[in-house]
Amino acid sequence: MPTLGELIAPRRLGRDFRWLLAATWTSNLGDGIALAAAPLLIASMTSSPILVAAGAMLQYLPWLLFGLIAGAVADHHDRRRLVMLANSLRAVVVVGLIAFLVTGTASVWIVLVVSFLYGTAEVFADSAGSTLLPMIVRPADLGIGNARMQAGFLVANQLAGPPLGAFLFAVGSFWPFLLQVLCVGLAVLQISRIAQTPVPRRPEREGDTRRRATTLRAIGEGLRWLRHNAPVRTLIVIILVFNVTWAAPWGVLVLYATDYLGMGPVGYGALTTASAIGGFIAVFGFGWLERHVSFAALMRVCLSLEVLMHLGFALTTSPVVAFLLMFGFGLYAFVWATISTTVRQRLVPIELQGRIASVNMIGVFGGLVVGQFLGGVIAQLWGPTAPWWFAFGGSALTLVLVWRSIAHIAAAKPVLDDGADEIAEEPGTGGLPLID
């Protein structure tokens, strides 16, 4: 019978994977603590809804401003050291916040500046960190590796971190941030235990003139590769659109849960916890799913359930049904996240992983920003269930358009990189109308 350690981090994935997993879980615990403590801190300093919302928005904004730059930097520098440096800067920023809190000189504007600086460092840490897994495990093990990384996010960031952060904030405003610094610092030490792996370089083509790569040229190279690779391009567009439709109702979920369903603040918190529990079950069952069901079938099932879930939330008036729907959301959403990440990592050349991952994250956060804005406007005009109807219609239409393309995305093979300027469409796409 396998041990608990073997179940969480199979031995075949190697020692470096275990250090990476430990660092991911540790840093996610720190982020989860801040997830509850930071809004509480801002709310204790101001009653302005705009300033409270700005705290969350300033976590997203750095991805839109610096995402492409961070991806290019990750692809041209030692990725392990870059993660360590960016996380160290995150710790320094939070230490500064603690100093302001301890001395009683903190203000809401200082907290907002800290949020922006912390989010900026996080962009560089996550862009480089997302490239480490494909460098240390075999392509065949990326699925189970990503599932375990998702489990860390669920347990530490979504389940354990927020309650701990809220409790510590009640004890003293600086305590949750002190523990966050310790978590980030420990993650730096854990990453340092990973063996140093050089970043592969694209072979020079015959007649090519060696030129010093600039950041803009590196970004252009990544975007050209993406433009010519239909499966990865379409996958990122799917993620962008589905994040818009998902974020529209999610942005006003608190009003839907407390006012429309009458669940109260505790019920709202339990509703979000239900999705995390569903996701936790899903990611630990991912190995079985990967062995028995094709990625194409899983992707279609997940996106179909997303459409039906929006419809269910639009129609129900029962808190019990809402709990069941949110639990189901967690089950399929984290399977989708694991599959989409695995497919992208398998198809993208290792030297482009940072740049393509950053484009993907820009799609994720761009979709969240647009979706939350639309959801607020739609709910203001037509009520708390209207965003769910918008999400149902938009996701259903998108699924119809990409249904055939999903099989080609799941079955696509990596293209041998002969240069970003000369990459052909994936074999098997046959010129089908993929979304641009």
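Residues numbered from 1 in each chain as written. Predicted model: local features only at pLDDT ≥ 70, side-chain atom pairs only at ≥ 80, totals over all residues. Heavy atoms only, no water.

Chemist: Tell me about the overall build of the protein chain, and name the residues and values.
Modeler: For the protein chain, the helix and strand inventory stands at 17 helices and zero strands. The buried share of the protein chain, taken over its 436 residues, is 52%. Contacts spanning at least 24 positions in sequence make up 86% of the contacts within the protein chain whose residues lie at least 6 apart. Per element, the accessible surface of the protein chain, about 19,400 Å² overall, is 69% carbon and sulfur. (Helix = DSSP H or I, 4+ residues; strand = E, 2+ residues; numbered from the N terminus. Buried < 20%, exposed > 50% of the residue type's maximum accessible area, 1.4 Å probe, protein only. Contact = heavy atoms within 4.5 Å. Areas by Shrake-Rupley, 256 points an atom, 1.4 Å probe, with all protein chains shown as cover.)

Chemist: Can you tell me about a nonpolar patch on the surface, naming the residues and giving the values?
Modeler: Together, Phe167, Val171, Trp175, Leu178 and Leu182 give the surface a local cluster of nonpolar side chains, amounting to about 510 Å² of exposed area. Of all elements in the fold, only helix 7 (142–171) and helix 8 (175–192) reach the threshold of two or more residues within the nonpolar patch. For the nonpolar patch, the leading source of residues is helix 8, giving three residues. (Patch = residues over 30% accessible without salt bridge, like charges linked within 9 Å, V, L, I, M, F, W, Y side chains within 5 Å. Salt bridge = Lys/Arg side-chain N within 4 Å of Asp/Glu carboxyl O.)

Chemist: Tell me what's going on with the packing of aromatic side chains, and back it up with residues and numbers.
Modeler: Under the criterion given, the structure shown has 14 aromatic pairs. Through a chain of ring-to-ring contacts, three or more aromatic side chains come together here, namely Trp246, Trp250, Phe329 and Tyr332. (Phe/Tyr/Trp six-rings, centres within 6.5 Å; stacked < 30°, edge-to-face > 60°.)

Chemist: Tell me about the nonpolar core, and name the residues and values.
Modeler: Among the nonpolar cores identified, the biggest contains 63 residues, and Val232, Phe313, Trp336, Ile339 and Ile356 are the most heavily contacted of them. Excluding its chain neighbours within four sequence positions, the residues that come into contact with tryptophan 336 are Leu235, Ile238, Ile239, Met299, Cys302 and Leu303. In terms of nonpolar packing, the next biggest core, distinct from the first, is built from 24 residues, Ala9, Leu13, Ile136 and Ile194 among them. (Core = buried A, V, L, I, M, F, W, Y, C linked by side-chain atoms within 4.5 Å.)

Chemist: So what about the confidence of the model for the protein chain? Which residues, and what values?
Modeler: Considering every residue of the protein chain, the mean pLDDT works out to 84; 87% of them sit at 70 or more. Helix 14 (residues 295–315) holds the highest mean pLDDT among the elements of the protein chain, 96, whereas helix 1 (residues 4–8) holds the lowest, 67. Contacts from residues 203–212, a stretch scored under 50 in pLDDT, to residues over four places away or in other chains number eight contacts. Within the model, the stretch residues 417–436 combines pLDDT values under 50 with 50 contacts to residues more than four positions away or in other chains. (pLDDT = per-residue confidence, 0-100.)

Chemist: Which residues make up the pattern of salt bridges, and what values do they have?
Modeler: Under the counting rule described, the total for this entry stands at nine salt bridges. The salt bridge partner of aspartate 31 is arginine 90, with a shortest N-O separation of 3.3 Å. In this pair, aspartate 31 sits in helix 2 (residues 15–45) while arginine 90 sits in helix 4 (residues 79–103), placing the two residues 59 residues apart along the sequence. Neither aspartate 31 nor arginine 90 differs from the other in exposure class; each is buried.

Chemist: How would you sum up the side chain of threonine 245? Please name residues and give values.
Modeler: By the element assignment, threonine 245 lies in helix 10 (residues 230–250). At 3.1 Å, the side chain of threonine 245 and the backbone oxygen of phenylalanine 242 are in polar contact. (Polar contact = N/O pair within 3.5 Å; in protein donor to acceptor, adjacent residues only side chain to side chain.)

Chemist: For empty space enclosed by the protein, give the residues involved together with the corresponding values.
Modeler: Per the counting criterion, the structure on display carries three cavities of 30 Å³ or more. If you add up the space inside the second largest cavity, you get close to 50 Å³. For the lining of the second largest cavity, the elements supplying multiple residues, two or more each, are helix 10, helix 14 and helix 15 (319–347). Across the lining of the second largest cavity, the residue classes break down as eight nonpolar, one polar and one charged. (1 Å grid on protein atoms, 1.4 Å probe; cavity = no way out; pocket = protein on both sides within 12 Å on 5 of 7 lines; lining within 4 Å. Points joined across faces, edges and corners; volume = space filled by probe spheres on them. Nonpolar A, V, L, I, M, F, W, Y, C, P; charged D, E, K, R; others polar.)

Chemist: Mind laying out the side chain of threonine 131, listing which residues take part and the relevant values?
Modeler: If you trace the backbone, threonine 131 turns up in the loop between helix 5 (108–129) and helix 6 (132–136). A polar contact of 2.6 Å, which involves the side chain of threonine 131, links it to the backbone oxygen of alanine 128. In this view, threonine 131 contacts Arg79, Gln353 and Gly354; residues no more than four positions away in its chain are not counted.

Chemist: An account of the packing of helix 2 against helix 7 is requested, with residue identities and associated values reported.
Modeler: Here helix 2 crosses helix 7 at 35°, and the two axes come no closer than 7 Å. Seen along the crossing, helix 2 lies across helix 7 with a hand that is right-handed. Here the residues of the contact of helix 2 with helix 7 sort into 21 nonpolar, ten polar and two charged. (Axes fitted to C-alpha atoms, helices over the stretch in contact; angles between N-to-C directions. Left-handed = near helix turned anticlockwise from the far one by under 90°.)

Chemist: Go over helix 4, please, and point to the residues and values.
Modeler: An ideal rise of 1.5 Å per residue puts 36 Å on 25 residues; helix 4 measures up with 37 Å between its terminal C-alpha atoms. The N-cap of helix 4, judged by a side-chain oxygen 3.1 Å from the amide nitrogen of arginine 80 a few residues on, is aspartate 78. Trailing helix 4 by a residue or two, glycine 104 shows a phi angle of about 75°, which is positive. (Expected span 1.5 Å × (residues − 1).)

Chemist: How would you sum up the environment of alanine 333? Please name residues and give values.
Modeler: Mapping alanine 333 onto the fold places it in helix 15. A sequence separation of 57 residues divides alanine 333 from alanine 276, and the C-alpha atoms of the two residues are 9.9 Å apart.

Chemist: Hey, could you go over the environment of serine 318 for me, with residue numbers and the actual values?
Modeler: Here serine 318 shows up in the loop between helix 14 and helix 15. Assessed through its relative accessible area of 25%, serine 318 is described here as partly exposed. As a C-alpha pair, serine 318 and glycine 262 span 56 residues in sequence and 9.3 Å in three-dimensional space. Among the polar contacts made by the side chain of serine 318, one reaches the main-chain amide nitrogen of valine 320 at a distance of 3.3 Å.

Chemist: Go over the environment of proline 231, please, and point to the residues and values.
Modeler: By the element assignment, proline 231 lies in helix 10. On the accessibility criterion, proline 231 (1% relative accessible area) is buried. Separated by 177 residues in sequence, proline 231 and histidine 408 place their C-alpha atoms 6.8 Å apart.

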